[in-house]
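# Structural overview for review
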Amino acid sequence: MKKQPIMQGLLDQVGQVSVHAWKEGVTNFRTEVGAYEEEGAIIGLNLRHCDLSVFPEAILDLTDLQYLDISGNKIHEIPSGIDRLRKLRFFYADHNEIEALPSTIVELSELESLHLDHNQLESLPSQIGLLEKLQALSLHKNQLQRLPDTLWDLKALEKLVIGSNPLQQLSDKIGQLEKLTELYIHDIQVQRLPDSIGQLIHLNTLDAAHNQLEVLPDSLGNLRQLSRFLYLSNNRLKALPDSLSQLNLITYLNLTDNQFTALPDWIGELKALRECRLYNNQLQALPNSIGNLTQLEALYLQNNRITQLPKSIVQLQQLQVLELRNNQLQRLPTQLADLQSLTHLDLRANQLTQIPAWIPALPQLQLIDLRWNKLSRIPAWVSDWEKTGKKLYY
């Protein structure tokens, strides 16, 4: 490596740093520790997991730097001179011990992505809204109790992660982030979501799990681009607003660990669903409309109070995983025999008295678990079925 004066300073502070030719793409830059060079200039620097306790001041001399990753160290402080890196676009400082950010960080006018997960931040710079090009801001698992009002001025923001902070409330101004496609507000101890969340009409992902929500705003039904997932688990929900029936692009729905006793009939209108998690509730039955979820591949219903399954379940021809552990089923509908894609069926801890004779008719079934039921006898076909490599636990 040619030891230019600037790089020599970095070597003196960090130790051996390999220089690599730059290849387009942030993913490539983050895979290997070292400096990344393009046309004689260092534009990328990866110092992940280098056991650093202090931010190397020599980095501030790399004024062509666009990509900087110092994640996985023990750094407590970002120096005020960070504003010298005027070309910086991507800054990763996850898993450190950073307690505060210098106010000068808002001078990084080219910054597009700022990642500070798993630190000890208690506040953000009051003028963070000046980062006009910021598209991704990730602050998961810090100690933030409030967010500056200017954060809601980040008009270019597409991804916001503020989960696992003791915020306790969410500003109505969140609706101003009109370009958001991903919002992670899990485990922030909120009791309500602002109505303005319905203004985020470009969201494809919303995680509001592990909060204290008892009701949801009707405005959630405006989020018709939600397609990746909707996490609402570990709240205190007993019902869903009817407006959610309009979320017909959603593919993953998680409502686990709430207080639902029934599902609305309109659940069958969510026809793009591929995975639905409903365990750890108080459900006693499923609506017939569940059969309209013809794209469903996995249905998790364990730890409820379900006494019977609707016959319409036969329509779930894409279903591969059906989890029914710890319910109150005494019998199964014969229609289950027509679930041609089913590979896993968990029926542990119910009140079944016999192993259904139609099980061998399921062509894809690899595992069925019937332990902790009240089985009176084991049919003769079981041993032959197990010899094919399939598993039946009883």
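Quick caveat: nothing in here was measured; it's all calculated off a predicted structure.

What follows concerns the overall build of the chain. Looking only at helices and strands, one finds 3 helices and 18 strands in the chain. Its C-alpha atoms put the chain at 80 × 50 × 30 Å along the principal axes. Considering only residue pairs separated by 6 or more positions, the chain has 27% of its internal contacts joining residues 24 or more positions apart. For the chain, the accessible surface area stands at approximately 17800 Å², while carbon and sulfur atoms represent 42% of it. For the chain, the separation between the mean place of its 36 positive charges and that of its 45 negative charges on side chains is 9 Å.

Our focus in this paragraph is the packing of aromatic side chains. If you walk through the whole model with that rule in mind, you get 8 aromatic pairs. Seen in terms of ring centroids, Trp22 and Tyr67 are 4.6 Å apart; in terms of plane orientation they differ by 25°. Their pairing is stacked. Note that Trp22 is positioned in the loop between β1 (19-21) and α2 (26-29) and Tyr67 in strand β4 (residues 67-69), a separation of 45 residues in sequence. Among the residues examined, Tyr67 registers a relative accessible area of 3% and is labelled buried. Relative to Tyr252, the ring of Phe229 has its centre 6.2 Å away and its plane inclined at 75°; by these criteria the two rings are edge-to-face. Here the residue Phe229 occupies a position in strand β11 (residues 229-231), and Tyr252 occupies one in strand β12 (residues 252-254), the gap between them amounting to 23 residues. By the ring-pair criterion, three or more aromatic residues cluster together here, those being Trp22, Tyr36, Tyr67 and Phe90. Across from the ring centre of Tyr300, 4.0 Å away, lies the NZ or CZ of Arg277, which sits over that ring. Here Arg371 stacks its cationic end above the ring of Trp372, 5.2 Å away from the centre of that ring.

It is worth spelling out the pattern of salt bridges at this point. For the coordinates displayed, the defined rule picks out 15 salt bridges. Between Glu112 and Arg89 there is a salt bridge whose closest N-O contact spans 2.9 Å. With Glu112 in the loop between β5 (90-92) and β6 (113-115) and Arg89 in the loop between β4 and β5, this pair connects stretches of sequence that are 23 residues apart. Glu112 sits in the buried class, given a relative accessible area of 19%. Each of the salt bridges in this network shares a partner with another, and the network as a whole consists of Glu323, Arg325, Asp346, Arg348, Asp369 and Arg371.

Extensive coverage of strand β3 (residues 41-46) is indicated by the burial of 6 of its 6 residues. Taken together, the 5 bridges between strand β2 (residues 34-38) and β3 define a ladder with antiparallel strand orientation. Following the sheet pairing, Gly34 is matched in β3 by Asn46. Where β2 folds back onto β3 in an antiparallel hairpin, the turn is made up of 2 residues, including Glu39, whose phi is positive at roughly 50°. As paired elements, β3 and β4 share 3 bridges and run parallel to each other. Paired with Leu45 across the bridge in β4 is Leu68.

Attention now moves to the side chain of Arg277. Its location among the elements puts Arg277 in strand β13 (residues 275-277). Only 3.3 Å separates the side chain of Arg277 from the side chain of Tyr252, close enough to count as a polar contact. Engagement of the side chain of Arg277 in a polar contact is seen with the side chain of Glu275, the distance being 2.6 Å. Those residues within four positions of Arg277 in sequence are excluded, and the remaining contacts are Tyr252, Leu253, Asn254, Leu255, Thr256 and Tyr300.

So, how was this worked out
- Residues numbered from 1 in each chain as written.
- Predicted model: local features only at pLDDT ≥ 70, side-chain atom pairs only at ≥ 80, totals over all residues.
- Heavy atoms only, no water.
- Helix = DSSP H or I, 4+ residues; strand = E, 2+ residues; numbered from the N terminus.
- Contact = heavy atoms within 4.5 Å.
- Areas by Shrake-Rupley, 256 points an atom, 1.4 Å probe, with all protein chains shown as cover.
- Lys, Arg positive; Asp, Glu negative; His and termini not counted.
- Charge placed at Lys NZ, Arg CZ, Asp CG, Glu CD.
- Phe/Tyr/Trp six-rings, centres within 6.5 Å; stacked < 30°, edge-to-face > 60°.
- Buried < 20%, exposed > 50% of the residue type's maximum accessible area, 1.4 Å probe, protein only.
- Lys NZ or Arg CZ within 6 Å of the ring centre and 35° of its normal.
- Salt bridge = Lys/Arg side-chain N within 4 Å of Asp/Glu carboxyl O.
- Pairing = 2+ DSSP bridges.
- Polar contact = N/O pair within 3.5 Å; in protein donor to acceptor, adjacent residues only side chain to side chain.

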